[in-house]
Amino acid sequence: MFNFCTDPDTLPKLQWFACYLTTGKHMGFYFSFVTVLLLLAITAPAALLFGFSGASAARARFLPLRWVGKAYIAIVRGVPDIAFFLFFVIALDQAFEWMRHKVKCPDWDQPIRQGNDFVVCAQAKLPLGTAPQWVHETYGFFLAVLTFAIVFGAFAANVIYGAMRAVPRAQIETAEAYGMSHRQTFWRILVPQMWVYALPGLSNLWMVLIKATPLLFLLGVEDIVYWARKLGGTANPRFTDYPHADWRMWYFLALLVFYLLFTKASELVLDRIMRRLSRGQATAAGEAQRRAAGGPP
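Residues numbered from 1 in each chain as written. Predicted model: local features only at pLDDT ≥ 70, side-chain atom pairs only at ≥ 80, totals over all residues. Heavy atoms only, no water.

Asker: Describe the pattern of salt bridges, and please don't skip the residues or the numbers.
Answerer: Side-chain pairs of opposite charge can arise where the charged atoms are in close proximity. Taken as a whole and judged by the stated rule, the model has three salt bridges. Between glutamate 176 and arginine 169 there is a salt bridge whose closest N-O contact spans 3.7 Å. Glutamate 176 gets classed as partly exposed once you look at its relative accessible area, which sits at 41%. According to the relative accessible area criterion, arginine 169 is partly exposed, its value standing at 48%. One salt-bridge network, in which partners are shared between bridges, spans Arg169, Glu173 and Glu176. (Salt bridge = Lys/Arg side-chain N within 4 Å of Asp/Glu carboxyl O. Buried < 20%, exposed > 50% of the residue type's maximum accessible area, 1.4 Å probe, protein only.)

Here you go:
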């Protein structure tokens with residue numbers, strides 16, 4: 001079969017680059033962009049769920065639940081992201097293995113904590129040593145998503161909590177005057193109206209989440225930063241058919257362009273969502289829409 005890249009040393013420059021950019025490692029680099037997008041697609045709604053739950057707990061009438069919600073917001077927001085990521089992933093992994101160890105190895109008679117080592121039976125390991133590589137990668141990705149969701153969920157909870165307090169009290173009092181219960185007022189009046197106040201803060205949080213995706217590299221996930229560092233470094237002719245000098249600047253320039261384009265597209269989408277949520281609201285944006293439509297001042 002004819003091989004387009006038979007002898008890289010004799011290829012024209014354009015053909016050399018075509019062969020170089022389609023190697024197996026570059027396929028991994030391209031797939032890592034999908035990994036980042038998948039992380040954002042899963043983490044954003046998960047963090048929003050954590051945030052909504054945390055904000056609802058922080059304003060609950062039941063005092064212990066209110067303490068839990070406020071403690072979650074305060075503690076997670078007060079720890080640097082990198083420190084939380086590096087600690088929490090290890091702690092979460094060990095918690096899962098500890099629970100499996102208690103179920104699968106009830107006759108284990110040795111301490112789990114042996115100095116600085118965390119030792120569980122082989123059946124309790126996550127994932128198992130005999131598991132295929134894709135299982136290890138999926139498990140690492142799952143831990144990364146859960147960690148991102150918990151961290152950014154705390155920031156989202158603070159934003160949503162403030163948005164709930166920004167809804168005019170008169171709206172709540174009117175609902176109560178019509179005989180609505182506390183639950184009905186919460187779901188029919190407060191929640192629909194608070195999003196317009198929460199969206200600016202959530203928009204900023206979304207941008208921060210996008211910029212935080214390179215932290216996947218610290219969690220052992222082969223993301224775009226991992227591949228850019230690996231492929232951009234000097235390639236020795238002894239170890240590759242496509243030797244080159246230090247090209248990391250060009251790879252990271254590609255990442256710069258990717259993030260700029262993605263954040264710009266996000267801004268356009270968020271602006272449309274904001275205009276949609278502002279319709280009929282007693283806000284400056286809603287008032288501007290009414291005047292533009294020729295409504296009463």
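From this point, the discussion proceeds with the structure in view.
Asker: Lay out the packing of helix 2 (residues 24–58) against helix 8 (residues 224–232) with the relevant residues and their values.
Answerer: Two elements in contact, helix 2 and helix 8, have axes separated by 8 Å at closest approach and are oriented at 155 degrees. Taken together, helix 2 and helix 8 sit at an angle that is classed as roughly antiparallel. For the crossing formed where helix 2 meets helix 8, the hand is left-handed. Along its contact with helix 2, which presents Lys25, His26, Gly28, Phe29, Ser32, Phe33 and Val36, the element helix 8 presents Ile224, Trp227, Ala228, Lys230 and Leu231. The class makeup of the residues in the contact of helix 2 with helix 8 is seven nonpolar, three polar and two charged. (Axes fitted to C-alpha atoms, helices over the stretch in contact; angles between N-to-C directions. Helix = DSSP H or I, 4+ residues; strand = E, 2+ residues; numbered from the N terminus. Parallel < 35°, antiparallel > 145°, perpendicular 65-115°, else oblique. Left-handed = near helix turned anticlockwise from the far one by under 90°. Contact = heavy atoms within 4.5 Å. Nonpolar A, V, L, I, M, F, W, Y, C, P; charged D, E, K, R; others polar.)

Asker: Give a description of the nonpolar core that names residues and reports values.
Answerer: In globular proteins that are soluble, nonpolar side chains generally tend to be buried together. Phe29, Phe85, Phe148, Phe152, Met164, Met194 and Ile224 are the most contacted members of the largest nonpolar core, which has 69 residues in total. For this core, the element with the highest residue contribution is helix 5 (residues 133–166), accounting for 16 residues. Leave out the neighbours within four places in its chain, and methionine 164 touches Phe52, Ala55, Ser56, Arg59, Phe186, Leu190 and Met194. Among the nonpolar cores identified, the runner-up in size contains six residues, and Cys105, Ile112, Cys121 and Ala124 belong to it. (Core = buried A, V, L, I, M, F, W, Y, C linked by side-chain atoms within 4.5 Å.)

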